[in-house]
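Spelled out, the chains give:
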Amino acid sequence: MLTTGPRGTRDILPDSSGYWQYVENMMREVCRNFAYQEIRTPIFEHTELFLRGIGETTDIVEKEMYTFTDRGKRSITLRPENTAAVVRSYLENKLYAGPQPAKLFYIGPMFRYDRPQAGRYRQFHQFGVEAIGAQGPAVDAEVISLAVELLQRLGLTDLNLFVNSVGCPVCRPVYRLKLQEFFRDKLAQLCPDCQSRYERNPMRILDCKNETCTHHAQGAPHMADCLCDECNSHFNGVKELLTAAGISFVINPRLVRGLDYYTKTAFEIQYAPLGAQSAVCGGGRYDGLVAECGGQPTPGIGFAIGIERVLLALEKQELLPPANTAIDVFVAPLGAEIQPVAFQILTAVRQAKLAADMDYNNRSLKAQMKYANKYPAKFVALIGQDELAENKVMLKNMATGSQELVDRADLIQMIIKGMEK
Ligand code: AMP
């Protein structure tokens, strides 16, 4: 137990943390280009927020939340996603009083009691954006194009963007009835989950992964055929804007979210080579969510991208940048008594903003050179008894193999000059 982390959690080790930084930097850069600003909300919230904000009939709320009672007897939940928390923060901090839409992004860990497998973890990380306070189709197109731009900038190809409209509380009830009619005589053959969805949330039968349910869902009526005029013209607007921006997409009538506060646009980006966990991004409009959370009716749209899955995709396409552990200088004291001077030199080199390290284990000269090469180090600054006595350092250029005795006072200048060559 003590030497194994909980199931579904992973350590991000030094040999891969650089990949995370690379991807996260790209996310920040794209958000800067699209004028989205970072929001950081707590990792835990009142359970009630997720019951309302995600919906009590969803798998997340029914089966996957990490919920506990704290010492003050409050029910607390580790966030399983971040949209509800961003909406809570928008209301609590009166972001609605600022420029609208509020354009926000977040990067951070989420927690779901899921069945762990490749691409599915119990603690995983999402990058997400939320645009709250704009209702036209242009903001839908913006949010979608941000996700596409990020994945393309990372170099991923073979991406498929699926879009759909899930209607609104005006047109969806008509569709629900049509769906229930369609599934009525197939009900006994559906999986137990879908049997209970039939009454509560029949649209979710369409995205059930069970093979029998998939089979029985063939030929089901499409939401797109039941959209009210407003939803229809919104959907047409989104398609037109995406086309204008040169973003290719496929309409997928089975892309659904069954809850009332999810409205109009729903979208997903898949990277097929990931197999079962091919969804890298999921998002959509939630015009009813802010009111559901206690605010004035306010439209919103957002998405979340799974960072682990993006990294898996980048690894598959060999797009991860080479690790950078290189340093500028390795300070090599030849003898324990030289350590204080070596440490003094190391400190000065670091203050000059060079990347530097030194030997702390009294290694032999040969072992220190080997150690320096592992980083690799561009220069090694050797200090033995002779150098110490003369206030000098033997500076070795590891690329050329040449070395020269330099005054300690000149060392940093010599290194900087050597690096410019
Ligand atoms: P969702 O919040 O369920 O719409 O998920 C959005 C994205 O987060 C998905 O497309 C995945 O890329 C990622 N994701 C969701 N659940 C997990 C999980 N358990 N482990 C890893 N990534 C996940």
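Note that the structure is predicted; figures quoted are calculated from it, not measured. Along each chain, numbering runs from 1 in the same order as the chain's sequence is written. Reporting of local features is limited, given that this is a predicted model, to residues whose pLDDT is at least 70; pairs of side-chain atoms are given and counted only at 80 or more, and all residues count toward the totals for whole chains, interfaces and linings. Side-chain measures here rest on the full set of heavy atoms in the structure, leaving out hydrogens and waters.

Colleague: Is there a simple way to explain unusual backbone geometry in this structure?
Modeller: Leave glycine aside and you will find that most residues have negative phi; peptide bonds, for their part, are mostly trans. Cis peptide bonds are those with omega within 30 degrees of zero, and the linkage from Gln-100 to Pro-101 qualifies with 0°. The residue Pro-101 is located in the loop between α4 (83–92) and β5 (102–111) in this model. In the segment running from Tyr-375 into Pro-376, the intervening peptide bond is cis, with an omega of -5°. Helix and strand definitions here come from DSSP, where helices need a minimum of 4 consecutive H or I residues and strands a minimum of 2 consecutive E residues; each element is numbered from the N-terminal end. By secondary structure assignment, the location of Pro-376 is in the loop between α13 (365–374) and β14 (377–383). One non-glycine residue, Lys-73, lies in positive phi territory at about 65°.

Colleague: What should I look at first to understand the sheet that holds β14 in this one?
Modeller: Strand pairing requires that DSSP identify at least two bridges connecting the strands. Spatial strand order, β13-β12-β14-β15-β16: five strands in an open sheet with mixed pairing. Of all strands in the sheet, those with a lone pairing partner are β13 (356–358) and β16 (403–407), marking the two edges. On average, adjacent strands in this sheet sit at an angle of 25° to one another, irrespective of strand direction. Here three bridges tie strand β12 (residues 327–333) to β13, and the two strands are oriented parallel to one another. For Val-329, the partnering residue across the bridge sits in β13 and is Ala-356. α13 rests against β12, β14 and β15 (392–397) of the sheet, and its axis sits at about 170° to β12. Lines fitted to C-alpha atoms define the axes here, with helix axes fitted over just the stretch in contact, and angles between the N-to-C directions of these axes take values from 0 to 180 degrees. Contacts: residue pairs with any heavy atoms within 4.5 Å of one another.

Colleague: Explanation requested: helix α6 (residues 172–183) in the structure shown.
Modeller: The periodicity of an α-helix, 3.6 residues per turn, causes residues three or four positions apart to be oriented the same way. Here the expected span of a helix is defined as 1.5 Å times the quantity of residues minus one. Under the 1.5 Å per step criterion, the end-to-end length of α6 is 16 Å for 12 residues, consistent within 8% with the ideal 16 Å. Three or more residues of α6 are buried, namely Arg-172, Tyr-175, Leu-179, Gln-180, Phe-182 and Phe-183. Within α6, the buried residues cover an arc of 160° as seen down the axis, which keeps them to one side. Set apart from the buried face of α6 by more than 90 degrees, the exposed residues are Leu-177 and Glu-181. Among the structural elements, α7 (192–200), α8 (211–216) and β9 (263–271) are those in contact with the buried residues of α6. Remark: exposure states derive from per-residue accessible area (1.4 Å probe, protein chains only) relative to the maximum for the residue type, with buried under 20%, exposed over 50%, and partly exposed in between. As used here, the arc is the angular range of directions from the helix axis to the C-beta atoms.

Colleague: Got a minute to help me understand the packing of helix α2 (residues 47–54) against α4 in this structure?
Modeller: Running from N to C, α2 and α4 cross one another at 110°; their axes reach a closest spacing of 9 Å. Relative to α4, the element α2 is oriented roughly perpendicular. Mapping the contact onto sequence places Leu-49, Phe-50 and Gly-53 in α2 and Ala-84, Ala-85 and Arg-88 in α4. Three categories are distinguished: nonpolar for Ala, Val, Leu, Ile, Met, Phe, Trp, Tyr, Cys and Pro, charged for Asp, Glu, Lys and Arg, and polar for the others, with Gly belonging to the last. Its residues placed into classes, the contact of α2 with α4 shows four nonpolar, one polar and one charged. Convention used here: angles under 35 degrees read as roughly parallel, angles over 145 as roughly antiparallel, angles from 65 to 115 as roughly perpendicular, and any remaining angle as oblique.

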